[in-house]
Amino acid sequence: MHKFWAFLLLSAVISLPLNAQKPKNHTSAEIYHELQKLNFLGTALYVAAHPDDENTRLISYLENEVHARTIYLSLTRGDGGQNLIGPELRELLGVLRTQELLAARSVDGGEQRFTRANDFGYSKHPDETHRIWNKEMVLGDVVKTIRQLKPDVIINRFDHRSPGSTHGHHTSSAMLGVEAFDLASDSNAYSEQLNAMDTWQPKRLFFNTSWWFYGSRENFEKADKSNLLQLDVGVFYPELGVSNNEIASLASSQHLCQGFGRISTRGSQDEYVELIKGSLPEDKTNLFEGIDTSWSRIEGGAAIGEILYNVENNFDFKNPATHLPELVKAYNLLESVKDDHWKVLKSPHLKEIILGCAGLYLEASAENASTYPGATEKVNIEALNRAGQNITLESISITGTETKLDLGENLDKNQKQNHELQLKVSLDKAHTSPYWLKEEGSLGMYTVNDETLIGLPETPEAYTANFKLTIDGTTIDFQKPVIHRYSKPDKGELYEPFVVLPKVTASFEDDVMIFADGKPKQIPVALRAGKDNVSGSVGLNLPEGWKANETTKQFSIEKKGEVKTMLFEVVPPDNESEGFISPILTVEGEQYDKKLVEIDYSHIPKQSVLLPAKAKIVRLNIQKSGEHIGYIVGAGDKIPESLEQIGYQVHTIDVDNIQKGVLDKYDAIVVGIRAYNVVDQLKFKQPILMEYVKNGGNLIVQYNTANRWRSQFENIAPYSLTLSRDRVTDEQAPVEIIAKNHALVNFPNSITEKDFDGWVQERGLYFPNEWSEEFTPILSMNDKGEAQKKGSLLVAPYGEGNYIYTGLSFFRELPAGVSGAYKLFANMLSLGKEKIATENEVKG
């Protein structure tokens, strides 16, 4: 269903972040804009690989200028990326980026769909991508999307003809788009889908090209453009008061975790699409040429169009309510058409326009933000007829329940009606959580057992309120999600999703617990109450060889939302070992095994994610030297917490307060990932950091991206060092230690090739490819079929100290509990201390 463009540019900036669930109030201009979209019966599907791959300029242009229903199909949810704004990685990052995509679509007006493909990280070739994904399954999801949405035109973001030249996911998305274009109309392809849908043949397939794909603007100017369509996407929308590129900039800026926040742009700008399949339009500015996009497209549609075109052409901006009789008449005709596809699509859109013209405000707000199976919750209802038309509120009900209130009351002009409903949550009501995370997936695929959910951007609302209204003699049902509305003194009115959660959840303080020796540790288990007065027992499920001082403990928590911590003493085995620890919770005879993770940023709705309540425990024979580590935070990672696990005291360094001499107290200083990309002040503190090294300090700089400098640096190292886009994406790629006698692989832990077993997602990224002779490369590695890369770990003495630059993905490996990564990082922190150790041995 089309979403209302509910915000002018200024109001979008102000209102969108804190009110992603807020009911929309529509201006006359916005209603008119939606009426234009209602009267266009054409669909475009835009296909790419990740969140932020989409061209928001083109999506917004198709939605708001062409008025076509436009959907972005992102094959993945972006789990494999990095996070500029917080600690969420992997599946939690996928949840965050999903919501950022939905925030972008709420700005540009488009819709969002996904496949079950999992973003497993950077891939160098589509062959690898298809192997790790289940290609046939992902292709089936693309075919299913086409059959469900019935697009007239499909636009690929990437070129299917250039495998190996860019991210394998990118090329794969284009290749699958091309293949699915033909398969969607083949009844022999994925025939099991045809029990619920029909085949469909889109008319045209395009590639959204640009000068970038030609290598330079000069090459593009010289290229043959006879097969290209040229669209000026910089158009101005007087009814909205903004240009298309302003909308697109704001939409793109919702991808904050990827650093896409940017200033808005205005003015003429061309976009190009290359025809891949189908007939070339004579009008090189019209993707839908020759396709009937009028109401005459469907049987019985001409009569509907006659009414709605008349409303559009004679729209009363001062009093849109005057159009209600015509809109209701069109609604009745639409409900009788035989074409279910367009009826299901256009009927809700028309109802939203009726709602807007009538000035109706309908809301169902639960008294609490969450509930649990078996509970009874109060839902506050508000209904207001602001335009004063003759409208009767017949009844209010909650779908999927027996909750209903029969009223038959007239809604008098501007007289608010408030009612209360008692919502009884069934004992078998499913908990609210991202549907694609409910079952364990694989490296390349999510597991989704419910076929009806596949492709949806998010889990449907827990409950929906149905308002049955009679307008101009016609009874119409309007659905509104049950939400939670509340206020905070420092933020004002706020909205959250209303969710169903377990009676109790549990979590460990750390996702990975490292036992650096045989001593026992106190392991805290945090229990969070999902209801008042919850009590039961909790125990630990431990791997073989591990022991706890108590098998179970009793707990009682008085207030919902309260957290109580239970301590268990865990004794590790004598030898190295690793496994998973999980709590065993029993409440009222039922067992619970989930942890609750809440993702709460101002630009997206609050997300409640239920995941298995488990943590990795590792018995590790590890040695270290030094105690106090300074940490300069970059784009965000969990390295400090990981280092504390092996006994270091980690101190966060405020870059603004770095002065000469204040760093000397640290045994080593670690610079967080992408710090030089995101921390402006580092350019002023670089001389002080180099002075620290020169005076005997040990500085470890983790990866930065060469093409996203926040500020320009002469060099981030004391000697010449050139960053590149070199990376090794295969986490199992062989690693050779080429500086076997260097202290970095010998003190205080002996590093061997076996220490690179069990790494996750990748070896590393953005390795330097050129460096001065002062640097010593420690490791050599490469992906299959590529030349050796020696820039993953470089060390250079500088003065009395050492400078280390590493592109190894420690930010992934340490939080994953990879033993060898811990040993290697401990060696980096200990570099230089081997001399002291040797001197002490001599003295001894």
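Up top is the structure.
Remember, it's a predicted structure, so these values are computed and weren't measured experimentally. (Residues numbered from 1 in each chain as written. Predicted model: local features only at pLDDT ≥ 70, side-chain atom pairs only at ≥ 80, totals over all residues. Heavy atoms only, no water.)

A. Inspection of the overall build of the protein at higher detail. For the protein, the helix and strand inventory stands at 18 helices and 43 strands. Its C-alpha atoms give the protein a radius of gyration of 30 Å, within 12% of the compact-globule value 28 Å for 844 residues. Each of the 844 residues in the protein was classed as buried or not, and the buried ones make up 58%. The long-range fraction of contacts in the protein, counting pairs at least 24 apart against all pairs at least 6 apart in sequence, stands at 74%. Positive and negative side-chain charges of the protein, numbering 88 and 116 respectively, have mean locations separated by a distance of 1 Å. (Helix = DSSP H or I, 4+ residues; strand = E, 2+ residues; numbered from the N terminus. Rg over C-alpha atoms; globule rule 2.2 N^0.38 Å. Buried < 20%, exposed > 50% of the residue type's maximum accessible area, 1.4 Å probe, protein only. Contact = heavy atoms within 4.5 Å. Lys, Arg positive; Asp, Glu negative; His and termini not counted. Charge placed at Lys NZ, Arg CZ, Asp CG, Glu CD.)

B. Broad picture of the packing of aromatic side chains. In this structure the tally under the stated criterion is 20 aromatic pairs. Plain terms: the ring middles of Tyr 32 and Phe 317 are 5.2 Å apart, the flat faces sit at 55° to each other, and that makes the pair tilted. On the criterion of sequence distance, the pair formed by Tyr 32 in helix α2 (residues 28–38) and Phe 317 in the loop between α10 (301–313) and α11 (324–335) is long-range, its members being 285 residues apart. Taking 6.4 Å as the distance between ring centres and 40° as the angle between the ring planes, the aromatic pair formed by Tyr 463 and Phe 498 counts as tilted. With a gap of 35 residues between them, Tyr 463 in the loop between β15 (417–424) and β16 (464–471) and Phe 498 in the loop between β19 (492–497) and β20 (499–500) connect regions that are remote in the sequence. Residue Tyr 463 is classed as buried on the basis of its relative accessible area, which comes to 3%. Residue Phe 498 is classed as buried on the basis of its relative accessible area of 3%. An aromatic cluster of at least three residues, connected via ring pairs, comprises Tyr 719, Phe 775, Tyr 798 and Tyr 803. Above the ring of Phe 568, the side-chain terminus of Lys 553 is found at 5.0 Å from the ring centroid. Taking NZ or CZ as reference, Lys 624 lies 4.7 Å from the ring centre of Tyr 648, over its face. (Phe/Tyr/Trp six-rings, centres within 6.5 Å; stacked < 30°, edge-to-face > 60°. Lys NZ or Arg CZ within 6 Å of the ring centre and 35° of its normal.)

C. Summary view of helix α7 (residues 168–183). Compared with an ideal rise of 1.5 Å per residue, which puts 16 residues at 22 Å, α7 spans 22 Å between its outermost C-alpha atoms and is within 8% of the ideal. Counting buried positions along α7 yields 12 of 16 residues, so the element is predominantly enclosed. If you check which residues of α7 are buried, you get Gly 168, His 169, His 170, Thr 171, Ser 172, Ser 173, Ala 174, Leu 176, Gly 177, Val 178, Ala 180 and Phe 181. Here the buried face of α7 lies against β1 (43–48), α5 (126–132), α6 (135–149), β4 (153–156), β5 (204–207) and β9 (270–277). (Expected span 1.5 Å × (residues − 1).)

D. Quick peek at the sheet that holds strand β35 (residues 668–671). With mixed pairing, 7 strands are arranged side by side in an open sheet as β34-β33-β35-β36-β43-β42-β40. Lying at the two open borders of the sheet, with one neighbouring strand each, are β34 (649–652) and β40 (776–777). Pairing analysis gives 4 bridges linking strand β33 (residues 628–632) to β34, with the strands arranged parallel. Directly across from Ile 629, in β34, lies its bridge partner Val 650. This element, helix α17 (residues 819–830), spans β33, β35, β36 (698–701), β42 (793–798) and β43 (801–806) of the sheet and lies at about 140° to β36. (Pairing = 2+ DSSP bridges. Axes fitted to C-alpha atoms, helices over the stretch in contact; angles between N-to-C directions.)

E. Focus on the nonpolar core. The biggest cluster of nonpolar side chains holds 55 residues, and the ones touching the most others in it are Leu 350, Ile 354, Tyr 463, Leu 469, Phe 478 and Val 482. If you tally residues by element for this core, the top one is helix α12 (residues 340–358), at 8 residues. Non-local contacts of Leu 350, meaning those with residues more than four positions away in its chain, are made with Leu 38, Leu 308, Leu 327, Ala 330, Tyr 331 and Leu 334. Leu 643, Val 728, Ile 778 and Leu 814 belong to the second largest nonpolar core, which has 45 residues in total. (Core = buried A, V, L, I, M, F, W, Y, C linked by side-chain atoms within 4.5 Å.)

F. Examining the pattern of salt bridges more closely. Considering all chains together, one arrives at 40 salt bridges under this definition. Asp 108 is the salt-bridge partner of Arg 105, the closest N and O atoms lying 2.7 Å from each other. With a gap of 3 residues between them, Arg 105 and Asp 108 both fall in helix α4 (residues 90–108), about one helical turn apart. In the salt-bridge network here, residues are joined through shared partners; they are Lys 124, Asp 783, Glu 786 and Lys 789. (Salt bridge = Lys/Arg side-chain N within 4 Å of Asp/Glu carboxyl O.)

G. View of the side chain of Ser 173. Summarising the element assignment, Ser 173 is placed in helix α7. For Ser 173, a relative accessible area of 1% corresponds to the buried category. Once residues lying within four places of it in the same chain are set aside, the contact partners of Ser 173 are Val 47, Ala 48, Ala 49, Leu 75, Asn 156 and Phe 158.

H. Quick look at the environment of Ala 184. With respect to the secondary-structure elements, Ala 184 resides in the loop between α7 and β5. The buried category is assigned to Ala 184, whose relative accessible area is 0%.

I. Region of the structure containing the packing of α4 against helix α9 (residues 244–252). α9 packs onto α4 with a crossing angle of 165° between their chain directions and a minimal axis gap of 8 Å. It follows from the interaxial angle that α4 and α9 lie roughly antiparallel. Crossing of α4 over α9 shows right-handed handedness. Listed contacts from α9 to Ala 104, Val 107 and Asp 108 of α4 are Ile 247, Leu 250 and Ala 251. Classifying every residue of the contact of α4 with α9 gives 5 nonpolar, no polar and 1 charged. (Parallel < 35°, antiparallel > 145°, perpendicular 65-115°, else oblique. Left-handed = near helix turned anticlockwise from the far one by under 90°. Nonpolar A, V, L, I, M, F, W, Y, C, P; charged D, E, K, R; others polar.)

J. Representation of the packing of α2 against α12 within the structure. Running from N to C, α2 and α12 point in directions that differ by 160°, and their axes come no closer than 10 Å. When the axes of α2 and α12 are compared, the pair comes out roughly antiparallel. Of the two possible hands of crossing, α2 and α12 adopt the one that is left-handed. When α2 is examined against α12, the residues Ile 31, Glu 34, Leu 35, Lys 37 and Leu 38 are found in contact with a partner set consisting of Lys 346, His 349, Leu 350, Ile 353, Gly 356 and Cys 357. Grouping the amino acids of the contact of α2 with α12 by side-chain chemistry returns 6 nonpolar, 2 polar and 3 charged.

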